[in-house]
Amino acid sequence: MFTFNNPTEIHFGQGVLQTIDTVLEKYSYQSYVVIASGSQVKNGIAELLESLLPGQIKAVVSDIEENPTVENVDAIINAAAEHQAEALIAVGGGSTMDAAKAAAAAVVKNTDARTIIQDKNINEALPIIALPSTSGSASEVTPFSVISDKSAGIKTSISSKALYPKIAIVDPELTYTCPPAVTAISGIDVICHSLDSIGAVNNNPVSDGLAVTALKLAFDNLETAYTEGTNAEARANMALANMTAGLAFSQTATSGSHAMSYYLTSEFGIPHAEACAFSLDQWIIHNAEVDPRLDNISKQLGFESTEALSEALNTLKERLGLRTTFEALEIDKKHIPEIARQTMGAGNYKNNLAQLSEKEIIEMLETK
């Protein structure tokens with residue numbers, strides 16, 4: 001038995017951004033605050049949206065950090081309150097969309113960022129129109145938001161059906177200007193999301209089908225998108241892979257690799273997706289030992305076994321310039337026991353098929 005529900009209205013395709021006025025016409029919103037990444041502001045997204053939605057863009061909030069902070073969220077809350085925003089338009093990667101989601105919930109509750117990220121009862125939020133400019137986070141179709149409070153030394157994930165964007169406008173053309181390093185890290189996140197969904201206790205046949213589709217697209221197109229940034233077919237396929245992976249893990253949540261990633265990011269500054277990918281090759285092997293379904297999925301993807309999939313994943317990481325050892329990450333192995341403890345303490349660790357002991361996680365990491 002399983003359920004599947006994703007309420008986000010999706011508009012996908014090359015140039016679909018140009019139809020945003022038509023898409024939004026039926027909602028009759030008159031006051032938007034735009035949250036945009038710094039790169040998108042430089043690329044003229046604010047001016048473009050103002051031309052497509054004349055008189056309706058009341059403010060633009062930018063300079064959202066890579067790991068969005070409570071200060072970033074408060075800046076959005078203040079702008080939305082000042083201009084009585086009826087909806088938020090988030091343009092950028094996962095950090096921009098995550099910050100917008102947290103702010104959208106806080107505005108409705110008339111509270112601040114530090115309060116909302118501790119709130120376990122989020123039932124309402126301002127509508128969010130999500131325009132992803134990277135192919136990696138899939139925040140445009142998920143109910144999750146991850147926010148950091150640097151002063152408290154925490155990185156918190158909040159989740160609520162109210163945080164699903166109302167509309168996702170997925171235009172691959174927005175990803176053309178992504179530099180190779182961002183393309184690599186974003187793209188590997190697609191693979192992490194897909195394999196974490198497959199390796200989740202909450203997996204189901206529909207989520208598996210979506211994750212397998214995303215993996216096929218990513219393995220076939222990520223390296224081309226990385227080396228040929230303006231390759232329209234590769235960019236479109238990666239945007240589709242990202243969105244499809246998001247639909248999968250929006251239902252299952254993430255599991256082992258994400259559970260381990262949080263401490264690697266908060267304590268050592270490793271970019272989120274690179275931190276997830278660091279241990280993913282090992283998690284899928286352990287999960288296959290628990291559930292042979294993973295071997296069947298590996299074969300669907302064209303690999304002889306999950307071990308072969310793991311090897312191919314590591315090869316791809318190296319070709320994308322991603323780090324695969326503690327030495328490369330410049331992390332002393334003396335930290336491994338604490339990484340293991342932090343992993344087991346993460347909420348989504350319980351969602352992983354293979355429930356390894358602390359000792360087993362340490363042994364897994366010692367091979368890195």
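Now for a description of the structure that goes with this document. A quick note: this is a predicted structure, and the numbers were derived from the prediction, not measured.

Definitions and cut-offs
Residues numbered from 1 in each chain as written. Predicted model: local features only at pLDDT ≥ 70, side-chain atom pairs only at ≥ 80, totals over all residues. Heavy atoms only, no water. Helix = DSSP H or I, 4+ residues; strand = E, 2+ residues; numbered from the N terminus. Rg over C-alpha atoms; globule rule 2.2 N^0.38 Å. Buried < 20%, exposed > 50% of the residue type's maximum accessible area, 1.4 Å probe, protein only. Contact = heavy atoms within 4.5 Å. Areas by Shrake-Rupley, 256 points an atom, 1.4 Å probe, with all protein chains shown as cover. Lys, Arg positive; Asp, Glu negative; His and termini not counted. Charge placed at Lys NZ, Arg CZ, Asp CG, Glu CD. Phe/Tyr/Trp six-rings, centres within 6.5 Å; stacked < 30°, edge-to-face > 60°. Lys NZ or Arg CZ within 6 Å of the ring centre and 35° of its normal. Salt bridge = Lys/Arg side-chain N within 4 Å of Asp/Glu carboxyl O. Expected span 1.5 Å × (residues − 1). Polar contact = N/O pair within 3.5 Å; in protein donor to acceptor, adjacent residues only side chain to side chain. Core = buried A, V, L, I, M, F, W, Y, C linked by side-chain atoms within 4.5 Å. Axes fitted to C-alpha atoms, helices over the stretch in contact; angles between N-to-C directions. Parallel < 35°, antiparallel > 145°, perpendicular 65-115°, else oblique. Nonpolar A, V, L, I, M, F, W, Y, C, P; charged D, E, K, R; others polar. Arc of directions from axis to C-beta.

**Overview of the overall build of the protein chain**
Right, so step 1: Each helix and strand counted, the protein chain has 16 helices and eight strands in total.
Right, so step 2: Whereas a compact globule of 368 residues would reach a radius of gyration of roughly 21 Å, the protein chain reaches 20 Å, a difference of no more than 12%.
Right, so step 3: Projected onto the principal axes, the alpha-carbon positions of the protein chain cover approximately 60 × 45 × 45 Å.
Right, so step 4: Counting all 368 residues of the protein chain, 59% fall into the buried class.
Right, so step 5: Sequence-distant contacts, at least 24 apart, represent 78% of the contacts inside the protein chain between residues at least 6 apart.
Right, so step 6: Total accessible area on the protein chain stands at roughly 14700 Å², and carbon and sulfur atoms take up 48% of it.
Right, so step 7: With 24 positive and 45 negative side-chain charges, the protein chain shows a spacing of 4 Å between the two charge centroids.

**Section: the packing of aromatic side chains**
Right, so step 1: One pass over the structure, following the stated rule, counts seven aromatic pairs.
Right, so step 2: Considering the side-chain rings of F144 and F249, the 5.8 Å spacing of their centres and the 15° angle between planes classify their relative orientation as stacked. Placement of F144 in strand β6 (residues 144–149) and of F249 in helix α9 (residues 232–252) is noted, with a sequence separation of 105 residues between them.
Right, so step 3: Ring centres 5.8 Å apart and planes at 85° place the aromatic pair Y263 and F268 in the edge-to-face group.
Right, so step 4: With relative accessibility at 23%, the residue F268 sits in the partly exposed group.
Right, so step 5: Taken together through their ring pairs, the aromatic side chains of Y27, Y29 and Y32 make up a single cluster.
Right, so step 6: Lying over the aromatic face of F278, K368 brings its terminal NZ or CZ to 5.1 Å of the ring centre.

**Structural notes on the pattern of salt bridges**
Right, so step 1: Under the counting rule described, the total for this entry stands at 13 salt bridges.
Right, so step 2: For R114, the salt bridge goes to E71, with nearest N and O atoms at 3.5 Å. With a gap of 43 residues between them, R114 in helix α6 (residues 113–116) and E71 in helix α4 (residues 70–82) connect regions that are remote in the sequence.
Right, so step 3: Accessibility expressed as a relative area gives 37% for R114, which makes it partly exposed.
Right, so step 4: The residue E358 makes a salt bridge to R341 at a minimum N-O spacing of 3.5 Å. Of this pair, E358 sits in helix α16 (residues 358–366) while R341 sits in helix α15 (residues 336–345), placing them 17 residues apart in sequence.
Right, so step 5: Of the residues examined, E358 reaches a relative accessible area of 30% and is grouped as partly exposed.
Right, so step 6: One network of salt bridges, with partners in common, ties together E71, R114 and D149.

**Side note on α9**
In an α-helix there are 3.6 residues to a turn, and that puts residues three or four apart on one side.
Right, so step 1: In a regular helix each residue adds 1.5 Å, so 21 residues correspond to 30 Å; α9 covers 31 Å between its end C-alpha atoms and thus fits that length.
Right, so step 2: The buried count for α9 comes to 18 of 21 residues, which makes it a mostly enclosed element.
Right, so step 3: Among the residues of α9, the N-terminal cap falls to N231, whose side-chain oxygen and the backbone nitrogen of E233 are separated by 3.2 Å.
Right, so step 4: The first or second residue beyond α9 is A253, which carries a positive phi of 70°.

**Topic: the side chain of S37**
Right, so step 1: Along the polypeptide, S37 turns up in the loop between β2 (32–36) and α2 (38–42).
Right, so step 2: On the accessibility criterion, S37 (13% relative accessible area) is buried.
Right, so step 3: When residues no more than four places from it in sequence are discounted, the contact partners of S37 are V91, G92 and T96.

**Quick look at the environment of A130**
Right, so step 1: Its location among the elements puts A130 in strand β5 (residues 128–132).
Right, so step 2: Those residues in contact with A130 that sit more than four places away from it in its chain are A90, M97, E140, P165, I167, A168 and I169.

**Focus: the nonpolar core**
Right, so step 1: If you look at the biggest cluster of nonpolar residues, it comprises 46 residues, and the most contacted ones within it are I188, I191, L195 and I198.
Right, so step 2: Apart from residues lying up to four places away in sequence, I188 is in contact with L222, A273, A277, L313, L316, K317, L320 and L322.
Right, so step 3: In terms of nonpolar packing, the next biggest core, distinct from the first, is built from 34 residues, A59, I76, A79 and M97 among them.

**Considering the packing of helix α8 (residues 205–227) against helix α13 (residues 306–319)**
Between two packed helices, the angle of one axis relative to the other and the distance separating the axes together describe the packing.
Right, so step 1: One way to put it is that α8 packs onto α13 with a least axis distance of 11 Å and a crossing angle of 10°. Accordingly, the angle class assigned to the pair α8 and α13 is roughly parallel. Across the interface between the two elements, F219, L222, E223 and Y226 of α8 pack against L309, L316 and R319 of α13.
Right, so step 2: Taken together, the residues of the contact of α8 with α13 sort by class into five nonpolar, no polar and two charged.

**Regarding helix α12 (residues 293–300)**
Right, so step 1: Where α12 is concerned, the buried positions are R293, L294, I297 and S298. The buried residues of α12 occupy an angular sector of 140° when the element is viewed end-on, so they sit on one face.
Right, so step 2: Check the buried side of α12 and you find it contacts α7 (180–198), α8, α11 (272–290) and α13.
Right, so step 3: Trailing α12 by a residue or two, G302 shows a phi angle of about 100°, which is positive.

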